[in-house]
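Per-entry structural report
Now for the letters of each chain:
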Amino acid sequence: QVQLVESGGGSVQAGGSLRLSCAASGIVFRINVMGWYRQAPGKQRELVTTITSGGSTNYADSVKGRFTIYIDNAKNTVYLQMNSLEPEDTALYYCNVVVRAPWGTRTPYWGQGTQVTVSS
């Protein structure tokens, strides 16, 4: 059974930094993409950033230049380094992992979410 365990959320003042981590276990097949999404109160869940198994990254415009995603393939862990945090970054952050089966099916898995709160 695939499990994603997130850590690293918390409260910080504007301009501060946090690092989120998400460790995936129970992965039988190959991880295709790992990423982070967030959901603020009253808003839909939105993409923050993704990284493929080959290292290609994609960032939402709102976080470009401030956030960095990277992975430790040996540990099946994805990290999100968040710098220059803004109150608008306040949200529940979710880890997402897409696993690709040998026959081509891609299955997404979600973490439980970790809260990030940025005060002005």
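Anything mentioned here points back to the structure above.
What counts, and at which threshold
Counting starts from 1 at the beginning of each chain's written sequence and moves along it residue by residue. Predicted model: local features are reported for residues with pLDDT of at least 70 only, side-chain atom pairs are reported and counted for 80 or more only, and whole-chain, interface and lining totals are derived from all residues. Side-chain measures here rest on the full set of heavy atoms in the structure, leaving out hydrogens and waters. Salt bridges are counted wherever a side-chain nitrogen of Lys or Arg sits within 4 Å of a carboxyl oxygen of Asp or Glu. Here a cavity is any set of points on a 1 Å grid over the protein atoms alone where a 1.4 Å probe fits but cannot get out, and a pocket is any open set with protein on both sides within 12 Å along at least 5 of 7 lines; a residue lines the site when it has an atom within 4 Å of a point. Grid points are joined across faces, edges and corners, and a volume is the space filled by probe spheres set on the points. For this classification, the nonpolar set comprises Ala, Val, Leu, Ile, Met, Phe, Trp, Tyr, Cys and Pro, the charged set comprises Asp, Glu, Lys and Arg, and every other residue, Gly included, is treated as polar. Only runs of H or I of at least four residues qualify as helices and only runs of E of at least two qualify as strands under DSSP, and these elements are numbered from the N terminus. Residue contacts are defined here by distance: any two heavy atoms, one from each residue, within 4.5 Å place the two residues in contact.

**With respect to the pattern of salt bridges**
The final tally for this structure, using the stated rule, is five salt bridges. Across the pair Glu46 and Arg38 runs a salt bridge, and its minimum N-O distance is 2.7 Å. Salt bridges linked by common partners bring Arg38, Glu46, Arg66, Glu86 and Asp89 together as one network.

**Points about the layout of surface pockets**
The computed volume of the largest pocket comes to approximately 160 Å³. If you go around the largest pocket, you meet 14 residues; those closest to its centre are Arg38, Ala40, Lys43, Glu46 and Glu88. Grouping the constituent residues of the lining of the largest pocket by class yields three nonpolar, four polar and seven charged.

**A closer look at the environment of Thr52**
Mapped onto the elements of the fold, Thr52 is located in strand β5 (residues 46-52). Placed 19 residues apart in sequence, Thr52 and Ile71 show a C-alpha to C-alpha distance of 9.3 Å. What Thr52 contacts, discounting residues up to four positions off in sequence, is Asn32, Val33 and Ile71.

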